Amino acid sequence: MTPIKNDPITVEVVRNAIVAYADEMAEALCKSAYNMMIYEVRDYCCGLIDTTGRMISQNRGGLPIFLADLGIAVEDGIKKYGLKGFEEGDVLVMNHGHICGQHLNNVVVYAPCFHDGELIGFAANRAHWVDIGGGRQGFGSNATTDIYSEGLQMRSLKIYKAGELNDTLYQIIQDNIRYPDASLGDLRAQVASCQIGAKRYAELVARYGRGVVESCVETIWEQTDKAARQVIERIPDGTYSAESFLDNDGRDLATPLRIAVKVIVSGSTITVDFHGMHPQVNGPLNSGRSGGIAAARVAFKALTSPELDVNEGCFRALNVDLPDGTILSARPPAALGQWSIALPTVIDTILKALAPAVPELIPAAHKGDMGGCSFFGFYDDGSRFLLMNIFGGGWGGRPHEDGESAAVSVCQGDVRNTPVELQEIKYPFIVERHALRPNSGGAGEHRGGLGIELTYRCLRACRGNINFDRTVTPPWGLHGGHTGEVSVAIIDRADGTQLRVNKATDVHFTPGDRITFLTAGGGGYGDPRKRSRTGLDEDIANGLVSREAAVRDYGYADTQMPRRIAVNG
C-alpha cells in the first residue's frame, strides 16, 4: 500500500482536533461528576486510544502520573475480547490492580469508537471514586495487606453492552460501596465523557478518512519523538546514579525504604534502571508496573518535552528497566492503596541523578509527598460523610529562581485543593488557618518554596487517616543549598493534650479537636550566602524567612530589621 502523504495544514488540524476532543471529554466529566475529587480537585485524565492501545491524545491538565497509561487498560480489554468483540454502544469499566497498578479507586471507563461500522479507536478516562468498597475509607490508610481487602476489582467488564445497561454489574457496584450515589454518579459522568470522545473522533474520521487521520497521528508522534530526542542528544552520554529514601512503609516505621536509580544516556535515548529499588512491602505502599513506568515518564517528559501535548510519541526514546517485585512493580496480591506515595520522591531521584550532567535544568528536591487528609463519620440521621483534601508544599529552588510555594506534588500537576468554603459547607469542620509555613523552604542562593500550615477544627466525632512522607528524610538541596523542613501533623485534643503524628490510620477525633498539618518545604539551590540581599530583605519583610533564620542560614548581618509588609493572613 502506498503511504499516505499528508500536507502540513491537515496535520495541524488533526493535532489540535484530537487534543480538543480530549479536553472536551475532560470538561464534560468535570461538570457532571458528583464528587469533589473530580469536579474540584480534578483527579482524572481523558484521552483517545488507537486499536492497539497507543495514546492518540490526552487532555491538557491531566494528572502527570496518569501519563499515557490509559492504553494499558484498553489493551487488556482488546486481549480479552478481541477487536471484533466490541459493539457500538459498549462501555467498559476497569480498575484491576494487577493490570492498572494503582489503587482501586482510580476507575477507568472506556468506549469503542466506530465509523461506518468499523472500530477505529477508543475514548477513555480515569477518575478517582470516593469509595470502591473494601476495608478502608478515603486515602491514607496503611491497614491493608493485600488487594482483596481494598475493594472491588473490575477487569474490563461491560457496564453497557450495545447500549443496554448491565443491571447485574450495576447492582454489584451499588451494593458494595459506601457512597453509591457519588460513585455511580461519577460512573455516569465518565460514560458521558467517553461517548463525547467517541463521537468527536468518528466525526474527524468521517471528514478526512481513517487513513489520513491515522497517518497524521503517526506524523504527530514522529514529530514529538524527534523533539524529545533533540533534547537528549544535548545531554552527555553516560550512566548517572542517585539514591534517596522514603521514611518507611507506614507500618514498620523504623525501616526506611531505599530508592536507587540509574539513568543511562546513550545518543538519543534514555534508560531508567530501577534494579536498586526496595522490594515490595507487606502494606499498601506499592504500585504495579505502571507506577514505576509513570514515574520514569513524568521525569522524562519534564526534562525533554514539558510544553508538548501528551501522546505516544513523547516516550519512544525512553526505556524503563524495572524488575518484578519492587515497590514500583509489586506482584499480586500486593496491596496498592498507597500506590502513589513513593512516586514524587522517585521522580526527584531520577532528576537528582542527572543534576551533574545538566545542572542548568535540575531543581532541588520538592516536598516529595502526595499528602492529604481523609476524615469520615456519620451524621445524626445515619448518613455518611467523607472529607478528602490534598495539600500543597514547597518545590525545590531552581537554577535561576526560587521554588514555588504551596504547590501540589510533581505527580499531581494541575490538580487543585478543595476550596475551604465548600469543605465547611459540606462537612462538620472549620478551617481555622491556611497559610504559608515560614522558614520551611531550604536556604539557598535560590530558596526552596514554602510548605503550608493548615488547621482543621472538628465539630462532631469522626475518624481520619494521616499519611505524610518526608517526615524523617527532608527534601534535599543541591549545589550547597540546604534541606527543606519535614512534614508533620499535630493533634491538639479538646482536653488539652497534644500529639505529633507522621502516619496514622483510623484516628478517632472528638468535637473541639484541632488537627494541624505542616507540609514540607523545598530544598534550596546554591550557597545561601550568595542569595541577593534584595531577595533576602523581601523574604524577611514578607514573613517568609524569620530574622533569626536569615542570620543563621544566610549570614544576614544588618542591624535594622526591614519593615514587615505582609503576613500569612
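Residues numbered from 1 in each chain as written. Predicted model: local features only at pLDDT ≥ 70, side-chain atom pairs only at ≥ 80, totals over all residues. Heavy atoms only, no water.

## Thoughts on the environment of S193
So, point 1. Looking at the secondary structure, you find S193 in helix α6 (residues 180-208).
So, point 2. In this structure the side chain of S193 is engaged in a polar contact, spanning 3.3 Å, whose partner is the side chain of N125. (Helix = DSSP H or I, 4+ residues; strand = E, 2+ residues; numbered from the N terminus. Polar contact = N/O pair within 3.5 Å; in protein donor to acceptor, adjacent residues only side chain to side chain.)

## Considerations on the pattern of salt bridges
Side chains bearing opposite charge may pair, as long as their charged atoms lie close to each other.
So, point 1. Tallying each qualifying case throughout the model produces 34 salt bridges.
So, point 2. The partner of R60 in a salt bridge is D23, and the shortest N-O contact between them spans 3.2 Å. Pair noted here: R60 is in the loop between β2 (55-58) and α3 (70-81) and D23 is in helix α1 (residues 8-32), with a separation of 37 residues, a long-range link.
So, point 3. For D23, a relative accessible area of 23% gives the class partly exposed. (Salt bridge = Lys/Arg side-chain N within 4 Å of Asp/Glu carboxyl O. Buried < 20%, exposed > 50% of the residue type's maximum accessible area, 1.4 Å probe, protein only.)

## Some words on the sheet that holds strand β8 (residues 238-246)
So, point 1. Reading across from one edge, β8-β9-β10-β11 is the order of the 4 strands in this open sheet, with mixed pairing throughout. In the strand order of this sheet, the two ends are held by β8 and β11 (318-321), each with one partner. On average, each strand axis in the sheet is inclined to that of its neighbour by 20°, with strand direction left out of account.
So, point 2. Sheet strands in contact with helix α9 (residues 343-354) are β8, β9 (257-266) and β10 (269-273), and its direction is about 145° off that of β8. (Pairing = 2+ DSSP bridges. Axes fitted to C-alpha atoms, helices over the stretch in contact; angles between N-to-C directions. Contact = heavy atoms within 4.5 Å.)

## Digging into helix α11 (residues 533-541)
Along an α-helix, residues three or four apart share an orientation, since each turn contains 3.6 residues.
So, point 1. Taken together, the buried positions of α11 are occupied by G535, L536, D539, I540 and A541.
So, point 2. Buried residues along α11 sit against α12 (547-554).
So, point 3. Phi turns positive one or two residues past the end of α11, at G543, with a value near 75°.

## Describing the state of the cysteines
So, point 1. Counted by the stated rule, this structure contains 0 disulfides.
So, point 2. Distance from the sulfur of C46, which forms no disulfide, to the nearest cysteine sulfur (C45) is 6.6 Å.
So, point 3. Classification of C46 by relative accessible area gives buried; the value is 0%. (Disulfide = S-S within 2.5 Å.)

## Quick look at the nonpolar core
So, point 1. Membership of the largest hydrophobic core comes to 138 residues, with the highest contact counts inside it found for I18, I65, Y110, Y201, I270, F274 and V346.
So, point 2. Element by element, the count of residues in this core is highest for α6, at 11 residues.
So, point 3. Counting the residues that make up this core, at least three belong to each of domain 1 (8-224) and domain 2 (363-568).
So, point 4. The contact partners of I270, leaving out residues within four places of it in the chain, are I232, I235, V263, I264, V265, F300, L303, A317, L318 and N319. (Core = buried A, V, L, I, M, F, W, Y, C linked by side-chain atoms within 4.5 Å. Domains from an automatic or database assignment.)

## Section: the packing of α6 against helix α7 (residues 210-232)
So, point 1. At a minimum axis separation of 6 Å, α6 and α7 run at an interaxial angle of 110°. Our classification of the angle between α6 and α7 gives roughly perpendicular. Contact residues: Y201, L204, V205 and Y208 in α6; R210, V212, V213 and E214 in α7.
So, point 2. Grouping the amino acids of the contact of α6 with α7 by side-chain chemistry returns 6 nonpolar, no polar and 2 charged. (Parallel < 35°, antiparallel > 145°, perpendicular 65-115°, else oblique. Nonpolar A, V, L, I, M, F, W, Y, C, P; charged D, E, K, R; others polar.)

## Some words on the domain arrangement of the chain
So, point 1. In terms of domain boundaries, the chain breaks down into domain 1 (8-224) and domain 2 (363-568).
So, point 2. The straight-line distance from the C-alpha centre of domain 1 to that of domain 2 is 34 Å.
So, point 3. Taken residue by residue, the interface counts 22 residues in domain 1 and 30 residues in domain 2.
So, point 4. Across the interface of domain 1 and domain 2, roughly 2100 Å² is buried in total on both sides, 63% from carbon and sulfur atoms.
So, point 5. Three residues, M36, V41 and F139, lead the burial of domain 1 against domain 2; their summed loss comes to 27% of the area buried on that side.
So, point 6. Joining domain 1 to domain 2, the criterion identifies 0 salt bridges. (Buried area = accessible area lost by both parts, 1.4 Å probe.)

## Side note on the side chain of N125
So, point 1. Among the structural elements, N125 can be located in strand β5 (residues 118-128).
So, point 2. Taking relative accessible area as the criterion, N125 reaches 0% and is therefore assigned buried.
So, point 3. Among residues more than four places away in sequence, those in contact with N125 are L29, C45, C46, L70, V107, V108, V109, Q190, S193 and C194.

## Some remarks on the packing of aromatic side chains
So, point 1. In total, this model carries 13 aromatic pairs according to the counting rule given.
So, point 2. Between F375 and F509 the ring centres are 5.6 Å apart and the planes differ by 75°, which places this aromatic pair in the edge-to-face class. Of the two residues, F375 sits in strand β12 (residues 372-378) while F509 sits in strand β19 (residues 503-509), which places them 134 residues apart along the sequence. Assigned by exposure class, F375 and F509 land together as buried. (Phe/Tyr/Trp six-rings, centres within 6.5 Å; stacked < 30°, edge-to-face > 60°.)

## Regarding the packing of α1 against α7
So, point 1. Between α1 and α7, the shortest axis-to-axis distance is 9 Å and the interhelical angle comes to 85°. Of the possible angle classes, the one that applies to α1 and α7 is roughly perpendicular. Only V212, V213, C216, V217, T219, I220 and Q223 of α7 make contact with α1, whose side of the interface consists of T10, V11, V14, R15 and I18.
So, point 2. Grouping the constituent residues of the contact of α1 with α7 by class yields 8 nonpolar, 3 polar and 1 charged.

## Remarks on the sheet that holds strand β18 (residues 498-501)
So, point 1. Judged by pairing direction, the sheet is antiparallel, and its 5 strands sit side by side in the order β14-β15-β20-β17-β18 without closing on themselves. The sheet is open, and its two borders are formed by β14 (429-436) and β18, each paired with just one other strand. On average, each strand axis in the sheet is tilted by 15° relative to the strand beside it, whichever way the strands run.
So, point 2. As judged from the 4 bridges shared by strand β17 (residues 488-492) and β18, these two strands associate in the antiparallel manner. Looking across to β18, one finds that I491 is bridged to L499.

## Some points on α12
So, point 1. Along α12, the residues classified as buried are R547, A549, A550, D553 and Y554. Projected down its long axis, α12 carries its buried residues within an arc of 160°, all on one side. Of the exposed residues in α12, the ones pointing more than 90 degrees away from its buried face are E548 and R552.
So, point 2. For α12, the secondary structure elements touched by its buried residues are α11.
So, point 3. Where α12 terminates, the next one or two residues include G555, which has phi positive at roughly 75°. (Arc of directions from axis to C-beta.)

## Remarks on unusual backbone geometry
Negative phi values dominate among residues other than glycine, just as trans dominates among peptide bonds.
So, point 1. The residue after P332, namely P333, is reached through a cis peptide bond having omega 5°.
So, point 2. With respect to the helices and strands, the residue P333 is situated in the loop between β11 and α9.
So, point 3. Positioned with a positive phi, D116 is a non-glycine residue whose angle comes to about 50°.
So, point 4. Tracing the sequence through the fold places D116 in the loop between β4 (106-115) and β5.
So, point 5. Positive phi is not limited to glycine here, since R470 has a value of about 55°.
So, point 6. Here R470 lies in the loop between β16 (462-467) and β17.
So, point 7. Among the residues examined, R470 registers a relative accessible area of 1% and is labelled buried.

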